[in-house]
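Here's the letter readout for the chains.
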Protein chains: 2
Amino acid sequence: MRIVAALGGNALLERGEHPDSDIQQSHVEDAAAALAPLAQAHDLVITHGNGPQVGMLAMESARDPELSHPYPFDVLGAQTQGMIGYWLVQALTAAIPGARVGCLICQTIVDSDDPAFGNPAKFVGPVYEESQARMLAVQRGWAIRQDGAAWRRVVPSPEPREIVEMPLINLLVDSGALVVCAGGGGVPVTADSSGRLQGVEAVVDKDLTAALLARALGATALLLLTDVDAVIDGFGTAHARPVSRARPDDLRGLRLPAGSMGPKVEAACRFAEATGGTAAIGRLDDAPALLAGTAGTTVRR
Amino acid sequence: MRIVAALGGNALLERGEHPDSDIQQSHVEDAAAALAPLAQAHDLVITHGNGPQVGMLAMESARDPELSHPYPFDVLGAQTQGMIGYWLVQALTAAIPGARVGCLICQTIVDSDDPAFGNPAKFVGPVYEESQARMLAVQRGWAIRQDGAAWRRVVPSPEPREIVEMPLINLLVDSGALVVCAGGGGVPVTADSSGRLQGVEAVVDKDLTAALLARALGATALLLLTDVDAVIDGFGTAHARPVSRARPDDLRGLRLPAGSMGPKVEAACRFAEATGGTAAIGRLDDAPALLAGTAGTTVRR
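The shown structure was predicted, so the numbers you read here are calculated from the model rather than taken from an experiment.

A.B. asks: Please set out the nonpolar core residue by residue, giving values where relevant.
C.D. replies: If you look at the biggest cluster of nonpolar residues, it comprises 104 residues, and the most contacted ones within it are Leu 35 of chain A together with Leu 35 of chain B. Setting aside chain neighbours within four positions, we find Leu 35 of chain A in contact with Ala 5, Leu 7, Leu 44, Ile 46, Leu 225, Leu 284 and Ala 287 of chain A.

A.B. asks: I'd like a rundown of the relation of the copies chain A and chain B, residues and numbers included.
C.D. replies: Overlaying chain A with chain B gives an RMSD of 0.1 Å, the required rotation being 180° about an axis along which the chain moves by 0.0 Å. Those values place the two copies in the arrangement expected of a two-fold rotation axis. The overlap is high: 100% of the interface residues of chain A also sit at the interface in chain B, so the same surface is used on both sides.

A.B. asks: Describe in detail the side chain of Thr 297 of chain B, supporting the description with residues and values.
C.D. replies: Residue and element names in this part refer to chain B. Tracing the sequence through the fold places Thr 297 in strand 17 (residues 297–299). At 2.6 Å, the side chain of Thr 297 forms a polar contact with the backbone oxygen of Val 243. Sequence-distant contacts of Thr 297, that is, excluding residues within four places in its chain, are made with Ala 230, Val 231, Val 243, Ser 244, Leu 251, Ala 279, Ala 280, Ile 281 and Leu 290.

A.B. asks: Lay out the pattern of salt bridges with the relevant residues and their values.
C.D. replies: All names here are of chain A. A full pass over the atoms with the stated rule returns 30 salt bridges over all chains. A salt bridge links Asp 111 to Arg 161, with the nearest nitrogen and oxygen atoms 2.9 Å apart. Note that Asp 111 is positioned in the loop between strand 4 (107–109) and strand 5 (122–128) and Arg 161 in the loop between strand 7 (150–155) and strand 8 (162–163), a separation of 50 residues in sequence. Given the relative accessible area of 28%, Asp 111 is considered partly exposed. Classification of Arg 161 by relative accessible area gives partly exposed; the value is 45%. Put simply, Asp 229 and Arg 283 hold a salt bridge, and the shortest N to O gap is 2.7 Å. Of this pair, Asp 229 sits in the loop between strand 12 (221–226) and strand 13 (232–233) while Arg 283 sits in strand 16 (residues 278–283), and the two are 54 residues apart along the sequence. With a relative accessible area of 45%, Asp 229 lands in the partly exposed category. Shared partners join several salt bridges into a network, and the residues in it are Glu 159, Arg 252, Glu 266, Arg 270 and Glu 273.

A.B. asks: Any details on the sheet that holds strand 6 (residues 143–147) of chain A? Residues and values, ideally.
C.D. replies: Residue and element names in this part refer to chain A. Strand order in the open sheet formed by 3 strands is 5-7-6, and the pairing between neighbours is antiparallel. Either end of the sheet is taken by a strand with one partner, and the two such strands are strand 5 and strand 6. The mean angle between the axes of side-by-side strands here comes to 40°, regardless of whether they run parallel or antiparallel. Note that strand 5 and strand 7 share 4 bridges and pair antiparallel. In the sheet register, Tyr 128 faces strand 7, and the bridge partner there is Trp 151.

A.B. asks: Provide a residue-level description of the sheet that holds strand 4 (residues 107–109) of chain B, including the pertinent values.
C.D. replies: Across the sheet, 4 strands lie side by side as 8-4-10-11 (chain B); this open sheet has mixed pairing. Two strands in the sheet have a free side with no partner beyond their single neighbour: strand 8 (162–163) and strand 11 (197–199) of chain B.

A.B. asks: Got a sec to walk through the packing of helix 5 (residues 166–174) of chain A against helix 6 (residues 206–217) of chain A? Specific residues and values, please.
C.D. replies: Residue and element names in this part refer to chain A. Where helix 5 contacts helix 6, the two axes come as close as 11 Å, and the packing angle between them is 60°. With respect to each other, helix 5 and helix 6 are oriented oblique. When the axes of helix 5 and helix 6 are compared, the crossing they make is right-handed. From helix 5, Met 166, Ile 169, Asn 170 and Val 173 reach across to helix 6, where they touch Leu 213, Ala 216 and Leu 217. Its residues placed into classes, the contact of helix 5 with helix 6 shows 6 nonpolar, 1 polar and no charged.

A.B. asks: Which residues make up the state of the cysteines, and what values do they have?
C.D. replies: Residues and elements named next belong to chain A. Following the criterion strictly, the structure yields 0 disulfides over all chains and no others. Here Cys 106 is not disulfide-linked; the sulfur of Cys 181 is the nearest cysteine sulfur, at 4.8 Å. Looking at Cys 106, the relative accessible area reads 0%, which means it is buried. What makes Cys 181 buried here is its relative accessible area of 1%.

A.B. asks: Before we move on, can you summarise the packing of aromatic side chains with the specific residues and values?
C.D. replies: All names here are of chain A. This model, assessed by the stated rule, comprises 2 aromatic pairs over all chains. Ring centres of Tyr 128 and Trp 142 lie 6.3 Å apart, and the angle between their planes is 45°; this geometry places the pair in the tilted category. With Tyr 128 in strand 5 and Trp 142 in the loop between helix 4 (130–140) and strand 6, this residue pair connects regions lying 14 residues apart in the sequence. With relative accessibility at 9%, the residue Tyr 128 sits in the buried group.

A.B. asks: Explain helix 1 (residues 21–41) of chain B to me, and be specific about the residues and the numbers.
C.D. replies: Residues and elements named next belong to chain B. In this model helix 1 runs 30 Å from its N-terminal to its C-terminal C-alpha over 21 residues, within 8% of the 30 Å that 1.5 Å per residue would give. Along helix 1, the largest kink reaches about 45° and is centred on Leu 35; proline Pro 37 follows within four residues of it. Looking only at helix 1, the buried set comprises Ser 21, Gln 24, Gln 25, His 27, Val 28, Ala 31, Ala 32, Ala 34, Leu 35, Ala 36, Leu 38 and Ala 39.

A.B. asks: Talk me through the interface of chain A and chain B; I want residue IDs and the actual numbers.
C.D. replies: Interfaces are often sized by the amount of accessible area the parts lose when they come together. Taken together, the contacts link 50 residues of chain A with 50 residues of chain B. A buried area of about 4,400 Å², summed over both sides, lies between chain A and chain B, and 62% of it is on carbon and sulfur atoms. Summed over the shared surface of chain A and chain B, the result is 2 salt bridges. The partner of Arg 63 of chain B in a salt bridge is Asp 64 of chain A, with the nearest N and O atoms 3.8 Å apart. The interface formed by chain A and chain B includes 16 residue pairs in polar contact (both at pLDDT 80 or more). Counting residues per element, the ones that place at least two in the side of chain A that touches chain B are helix 1 (21–41), helix 2 (51–63), helix 3 (73–95), strand 3 (101–104), helix 5, strand 10 (187–191) and strand 11 (197–199) of chain A. In terms of residue count, helix 3 of chain A provides more of the side of chain A that touches chain B than any other element does, 11 residues in total. In the side of chain A that touches chain B, the residues fall into 26 nonpolar, 14 polar and 10 charged.

A.B. asks: Now, about the confidence of the model for chain A: what can you tell me, with residues and values included?
C.D. replies: When pLDDT is averaged along chain A, the result is 94; 99% of the residues meet or exceed 70. Of the two predicted TM-score estimates for the complex, the pTM is 0.94 and the ipTM is 0.94.

A.B. asks: Run through the side chain of Thr 298 of chain B, naming residues and quoting values.
C.D. replies: Residues and elements named next belong to chain B. Structurally, the position occupied by Thr 298 is in strand 17. Residue Thr 298 is classed as buried on the basis of its relative accessible area, which comes to 9%. Each residue touching Thr 298, except ones within four places of it in the same chain, is listed here: Ser 244, Arg 245, Ala 246, Thr 278, Ala 279, Ala 280, Leu 290 and Gly 293.

Criteria and thresholds
Residues numbered from 1 in each chain as written. Chains lettered and ligands numbered in written order. Predicted model: local features only at pLDDT ≥ 70, side-chain atom pairs only at ≥ 80, totals over all residues. Heavy atoms only, no water. Core = buried A, V, L, I, M, F, W, Y, C linked by side-chain atoms within 4.5 Å. Buried < 20%, exposed > 50% of the residue type's maximum accessible area, 1.4 Å probe, protein only. Contact = heavy atoms within 4.5 Å. Least-squares fit on C-alpha atoms with pLDDT ≥ 70 in both. Helix = DSSP H or I, 4+ residues; strand = E, 2+ residues; numbered from the N terminus. Polar contact = N/O pair within 3.5 Å; in protein donor to acceptor, adjacent residues only side chain to side chain. Salt bridge = Lys/Arg side-chain N within 4 Å of Asp/Glu carboxyl O. Pairing = 2+ DSSP bridges. Axes fitted to C-alpha atoms, helices over the stretch in contact; angles between N-to-C directions. Parallel < 35°, antiparallel > 145°, perpendicular 65-115°, else oblique. Left-handed = near helix turned anticlockwise from the far one by under 90°. Nonpolar A, V, L, I, M, F, W, Y, C, P; charged D, E, K, R; others polar. Disulfide = S-S within 2.5 Å. Phe/Tyr/Trp six-rings, centres within 6.5 Å; stacked < 30°, edge-to-face > 60°. Expected span 1.5 Å × (residues − 1). Bend = angle between axes of the 7 residues up to and from the residue. Buried area = accessible area lost by both parts, 1.4 Å probe. pLDDT = per-residue confidence, 0-100.

Right under this line is the structure:
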């Protein structure tokens with residue numbers, strides 16, 4: 001079986017932790033241990049988020065006195081693919097004896113007229129108090145939004161249309177390699193009429209790209225791995241209960257918490273609808289149980 | 001023919017230029033145009049330096065108030081592989097219609113007891129005046145050295161022993177892909193007795209890694225591309241003259257300028273000695289002429 005596993009950016013760095021290299025590398029080692037049983041039994045392809053990481057590098061770049069202007073998000077996203085890919089390759093190689101692991105830098109084509117460019121909505125970087133966020137918005141030209149009790153920077157998150165490196169990903173997977181790819185949703189690029197690619201200031205949602213990746217790979221399962229047990233029906237009400245099984249239409253009708261559960265549900269629904277395969281949302285530690293349908297939320301059409 | 005081309009880190013950023021993203025991307029586009037004729041006629045594998053880039057990211061990380069301690073050079077090197085790899089993939093795709101281009105994140109195994117760890121010698125990052133460099137050395141625990149008229153930070157540069165991702169590089173090259181890999185000499189790692197890899201605070205010389213890569217690929221030519229015409233015999237004397245052809249033993253006996261020509265000459269000699277193939281040192285713009293032996297310095301055993 002071919003399986004795509006998508007790791008949340010927060011699986012590498014929990015809220016409140018310093019974004020230190022060794023802390024994240026330690027979380028990546030835990031993630032590799034959780035994924036090892038799946039990689040040993042199946043053709044596994046791993047993708048990952050990069051919200052906290054790309055936000056950190058964006059802050060560093062904005063502070064760099066040597067630069068005329070900070071690095072754009074396509075380039076910062078490519079930096080995070082290299083960094084997180086390196087951590088994952090090293091940890092997976094250690095966790096799975098005999099595995100041949102590789103990370104391919106990936107670009108994701110988006111539409112230049114995607115309405116997301118007029119409505120930045122993807123959270124990146126650290127949390128701020130409202131007054132500080134409003135000051136940064138003025139100083140740096142950021143768009144900001146409330147995220148729970150705190151405030152954060154937001155950038156456009158256009159729809160992923162195509163992963164440019166798909167033929168090479170397929171080639172590596174067919175060879176039996178364990179592939180890490182399309183990190184952070186892939187570096188967002190637009191394609192002109194001649195096919196020339198150009199980076200854009202955006203972050204593609206990594207769960208939606210994971211669904212696209214899983215479809216293009218002909219995967220039979222898509223695991224969206226996060227730090228909650230399952231999708232919750234009636235979130236925030238007295239009747240809240242975890243959903244263990246759902247069809248896409250039912251799942252789309254639920255009242256979901258703010259944040260990243262919306263894109264996860266949408267990614268799961270798209271994959272299940274388009275392929276007839278199984279999508280699952282749940283804890284990284286439960287990855288094998290999610291695939292077996294004994295933990296998390298399982299989505300089938 | 002299979003050919004390895006190694007681009008200098010300074011081909012992406014000239015001395016005195018701001019390390020802006022758009023400036024480097026423009027240089028990468030020039031490099032892609034210079035390499036396009038080779039890629040159309042041969043199986044080309046491209047590697048690149050990262051001295052200015054890894055130095056910039058190291059400075060940014062050292063300034064980041066969110067971090068308990070700056071990121072180590074293995075992780076920063078992986079970031080530069082993602083960034084420069086992305087630029088190269090995008091520019092090569094535009095310069096070579098129909099090319100399938102990919103960048104693989106690579107680790108290079110070094111010996112944990114390499115004497116370089118006791119003698120940091122690889123220049124990274126910007127140039128400083130002596131007094132400023134000495135202050136930074138005290139403040140940040142850097143090793144520093146004189147580089148021409150200026151001073152710069154230095155880190156250990158151990159010998160590259162093996163490129164971990166070699167089987168995957170071969171697979172991609174065999175498929176006809178144009179591969180970008182082992183950027184910055186590869187992320188330096190040590191391997192323990194069980195084969196477990198661990199990053200180390202170092203930068204592997206990208207020309208020596210390029211020679212290793214070319215040998216492992218069974219390449220017939222290795223092009224070491226820089227911003228000087230050729231190796232100069234009698235450098236700094238009244239009898240200085242460019243060397244157009246040389247055997248490794250002759251070349252090793254020359255008096256060379258300080259800086260990166262020494263590793264280039266050593267890399268060219270190692271490749272020519274080990275394989276019987278042709279190594280050439282010269283200008284990026286002369287890449288096709290270097291391969292033809294009509295420009296630069298050609299090295300054969």
